[in-house]
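Chain and residue survey
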Amino acid sequence: MRCFLTVLALSLSLGCSRGKPKGSDGAETPSVRIALVTDLKGYLEPCGCTSDPLGGIDRLAAQIRVLRDGPAPVVFLLAGDTFFDEARIEPVRVDQASRSAKTLAGILDGLQVAAVLPGRSDRAQPSETLDAVKAASDFPWLAMQGDVELLRLKAGDLRLAVIGVRPGADRSVVKPLVAQAEADSDLKIALVDGSRRDANRIGAIDGVDLVIQGGLDEDAPVSPREAGRAWLLHASRQGQGLTVVDVYQKRKGEAFVDRSDWSRVEAARRLDAQLSDLRGKIAAWEKSGDVDAADLDAQRARLAALEKERQVVDGPAPPTDGNALYATWIPLPKKAPTDPAVEALMRRHDKVVNDANRIAFASLKPPPLGPNDIGYVGSAACSGCHQPAYSWWGTHAHGHAYRTLQGRNKEYNLDCVGCHVTGYEQPGGSTVTHNLDLALVNVGCESCHGPGAAHAKDPEEFGILRDTPESTCVQCHNAQHSDLFDYERYLKALVVPGHGLPPG
Ligand code: HEC
Ligand code: HEC
Ligand code: HEC
Ligand code: HEC
């Protein structure tokens with residue numbers, strides 16, 4: 001089990017022998033292991049549309065349990081928007097978003113979260129919404145009243161001070177609290193929600209050891225970064241993965257050395273890019289001959305310095321006898337194990353939301369047809385005259401896009417239905433419940449050819465769009481939901497015998 005953390009790091013192939021502080025038996029137990037998640041944004045799981053979706057609270061739960069089975073005490077912290085992904089939620093979405101937030105809070109509670117520093121979108125919700133979410137959990141939400149809040153925790157032999165900093169709070173109000181924690185804590189961790197600059201300012205406060213930074217809202221996880229004496233820590237967003245930081249504390253108050261292989265890999269990557277860039281430039285300058293000799297020498301010296309820096313990265317790890325931290329990024333791809341109990345809660349949640357929306361939106365109609373609008377009729381109405389096209393469509397993914405949702409209790413889910421049906425929220429089209437008795441479910445003919453009521457009734461009199469420009473496809477095939485989309489390639493799959501080509 002010695003190297004289990006790196007074994008779990010599925011996308012980073014890190015050696016587990018280097019860099020990690022070692023005792024005589026090979027691996028030393030960390031003083032504390034901090035699991036952190038940033039900018040979760042109310043995501044219970046990814047949509048499932050992309051080629052390798054990352055995330056899922058059931059996968060996160062499985063990882064947290066693995067960590068808890070290890071020898072070190074685990075402290076699980078969250079920072080940044082945790083329960084909501086936007087400050088102002090459309091009125092129709094409030095109920096669904098609140099239900100997700102409550103389910104999430106309950107599941108996190110089961111994972112024994114030590115504390116959360118909610119972000120700006122969380123804080124912007126009306127108090128009755130927040131109270132309901134809070135009621136689903138027992139863990140503290142930090143700095144909800146004042147600008148800063150100090151929470152004292154015990155983890156093994158270590159006394160932790162967790163300092164929550166309200167977004168936008170001035171650093172002058174943080175300082176006294178850090179000083180206050182100085183006397184009776186071994187490790188001081190600040191939780192912030194803001195820009196890298198905000199986090200740097202908190203990290204620069206004397207006495208802060210670690211800063212967990214929410215609010216970056218970036219997909220890319222960030223390896224530990226220096227901020228004064230402290231280290232900034234971060235973990236992607238939307239629960240795509242978690243950052244685990246093993247803290248080895250030998251002497252209170254001493255600065256920590258980052259021994260993470262992750263950081264070395266990142267540093268090597270960054271330096272290699274700089275090196276190849278500079279080498280290319282120097283070669284070009286040498287060839288052109290019109291660069292001043294002194295300037296060229298200066299660039300060669302810069303190259304030598306970078307090469308030296310690069311060698312240090314490959315060289316022996318820093319000494320092991322002082323305070324050290326070792327951070328790992330654990331992404332949560334589809335193949336990562338899930339926690340069955342949490343998965344069951346999620347599936348129950350899907351059913352509850354589906355049932356609630358079906359009833360709540362039962363009378364929701366699409367905008368009415370304007371004087372120049374053409375109505376939708378559904379794909380079956382095309383079948384009589386375009387039999388080959390219709391038969392083909394039935395076998396294509398578009399022809400069963402709704403079943404994909406039904407199989408998951410998501411067909412009434414406001415986050416899903418829009419792209420898996422036809423004419424969503426268009427005049428005379430569909431809504432989450434209204435689909436002309438299922439005529440408009442799936443990505444039907446009219447998703448691409450436009451509303452066809454007039455053409456289907458009188459094809460001699462009324463034409464219909466033949467070509468479908470890329471702009472139509474990307475309304476659904478956007479980056480978040482179709483990462484591999486390529487118009488030419490995807491179009492080829494549609495233009496087939498019976499549909500665009502003579503029946504073969
Ligand atoms: C009553 C028969 C009939 C029905 C129903 C019908 N079509 Fe057509 N469709 C035609 C005829 C006829 C043409 C013209 C063929 C031609 O010009 O070669 C046509 C042409 C088309 C074209 C090619 C347009 C072009 O400019 O080349 C598309 C696309 C099309 N139909 C889609 C649909 C869709 C989608 C539906 C269902 C909403 C539908 N049709 C329903 C008879 C029908
Ligand atoms: C209304 C939304 C929507 C529009 C518009 C749309 N698609 Fe799709 N497309 C989907 C959905 C949803 C799926 C997945 C359905 C499923 O499997 O449940 C899909 C699947 C596909 C697939 C199958 C991909 C695979 O991996 O098998 C292809 C190919 C495709 N679309 C091409 C296109 C092209 C090209 C266009 C534009 C000409 C287009 N789509 C327009 C929603 C849309
Ligand atoms: C913005 C449009 C959009 C939204 C919103 C959307 N989807 Fe999709 N979905 C797509 C597209 C496009 C594809 C096909 C992607 C591809 O193959 O490139 C797809 C594919 C899928 C697939 C894969 C189908 C298969 O058989 O491989 C699943 C599952 C899925 N979606 C579920 C969902 C769920 C659940 C939600 C809500 C949480 C959702 N989708 C929301 C557009 C969307
Ligand atoms: C995802 C988008 C999409 C969907 C869904 C779709 N089509 Fe098309 N259709 C196209 C494209 C793209 C072409 C090819 C245009 C061209 O380049 O000629 C096409 C061509 C056609 C044509 C004219 C070429 C021919 O074969 O005569 C007809 C008719 C047609 N489609 C009917 C249908 C019908 C009927 C359905 C539903 C059963 C349907 N299409 C579903 C995108 C779509």
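Bear in mind that the values here come from a model prediction, so they are computed numbers and not experimental data.

The rules we used
- Residues numbered from 1 in each chain as written.
- Chains lettered and ligands numbered in written order.
- Predicted model: local features only at pLDDT ≥ 70, side-chain atom pairs only at ≥ 80, totals over all residues.
- Heavy atoms only, no water.
- Pairing = 2+ DSSP bridges.
- Helix = DSSP H or I, 4+ residues; strand = E, 2+ residues; numbered from the N terminus.
- Donors = N, O, S within 2.8 Å, 3.2 Å for Na, K, Ca; no water.
- Buried < 20%, exposed > 50% of the residue type's maximum accessible area, 1.4 Å probe, protein only.
- Core = buried A, V, L, I, M, F, W, Y, C linked by side-chain atoms within 4.5 Å.
- Contact = heavy atoms within 4.5 Å.
- Domains from an automatic or database assignment.
- Phe/Tyr/Trp six-rings, centres within 6.5 Å; stacked < 30°, edge-to-face > 60°.
- Lys NZ or Arg CZ within 6 Å of the ring centre and 35° of its normal.
- Near = heavy atom within 4 Å.
- Polar contact = N/O pair within 3.5 Å; in protein donor to acceptor, adjacent residues only side chain to side chain.
- Nonpolar A, V, L, I, M, F, W, Y, C, P; charged D, E, K, R; others polar.
- Tetrahedral: all angles 85-135°; square planar, octahedral: opposite > 155°, others 65-115°.

With respect to the sheet that holds strand 2 (residues 74-80)
Overall, mixed pairing links the six strands, which are arranged 3-2-1-10-12-11 in an open sheet. The sheet terminates laterally at strand 3 (113-118) and strand 11 (257-258), the two strands that pair on one side only.

Focus: the coordination of the iron atom of ligand 3
The coordination sphere of the iron atom of ligand 3, as far as protein atoms go, consists of Cys49 (SG) and His420 (NE2), spread over 2.2 to 2.3 Å. Overall, Cys49 belongs to the partly exposed group, its relative accessible area being 34%.

A word on the nonpolar core
In terms of nonpolar packing, the biggest core is built from 34 residues, with Ile57, Phe76, Phe83, Leu108 and Leu242 touching the most fellow members. For this core, the secondary-structure elements that each account for two or more residues are strand 1 (32-38), helix 2 (57-68), strand 2, helix 3 (94-110), strand 3, helix 5 (127-135), strand 10 (241-248) and helix 10 (340-360). In this structure Phe76 touches Ala35, Val37, Leu60, Ile64, Arg68, Leu108, Leu111, Gln112, Val113, Ala114 and Ala115, once residues within four positions along its chain are discounted. Formed by 31 residues, the second largest nonpolar core is a distinct cluster that contains Leu77, Ala155, Leu233 and Trp329.

Topic: the domain arrangement of the chain
The domain architecture assigned to the chain consists of domain 1 (4-144 + 211-259 + 318-340), domain 2 (276-312) and domain 3 (363-501). Centre-to-centre separation of domain 2 and domain 3, based on C-alpha positions: 57 Å.

So, the packing of aromatic side chains
Applying the stated criterion to the full structure yields three aromatic pairs. Both rings, one in Phe485 and one in Tyr490, keep their centres 4.8 Å apart while their planes meet at 65°; by these two values the pair is edge-to-face. On the basis of relative accessibility, which here comes to 17%, the residue Phe485 falls in the buried class. Judged by its relative accessible area of 28%, Tyr490 falls in the partly exposed class. The aromatic ring of Trp141 is capped on one face by Lys134, whose charged end is 5.5 Å from the ring centroid.

Focus on the site of ligand 1
In the vicinity of ligand 1 lie 14 residues, with Cys382, Cys385, His386, His455 and Arg466 positioned nearest. Within the contact set of ligand 1, a nitrogen atom lies 2.8 Å away from a side-chain nitrogen or oxygen of His386. When contributions to the shell around ligand 1 are tallied by element, the ones reaching two or more residues are helix 11 (380-383), helix 14 (445-449) and helix 15 (453-457). Of the residues in the shell around ligand 1, the class split is nine nonpolar, four polar and one charged.

A look at the coordination of the iron atom of ligand 2
Within the protein, the iron atom of ligand 2 binds to His398 (NE2) and His477 (NE2); these donor distances fall in the range 2.0 Å. Here the iron atom of ligand 2 binds six donor atoms, and the angle range of 84 to 180° at the metal identifies the geometry as octahedral. Taken together, the residues span a long stretch of sequence, with His398 in the loop between helix 12 (387-395) and helix 13 (401-406) and His477 in the loop between helix 16 (470-473) and helix 17 (487-492) at a distance of 79 residues. Overall, the relative accessible area of 17% leaves His398 in the buried class. Take His477: its relative accessible area is 24%, and that puts it in the partly exposed class.

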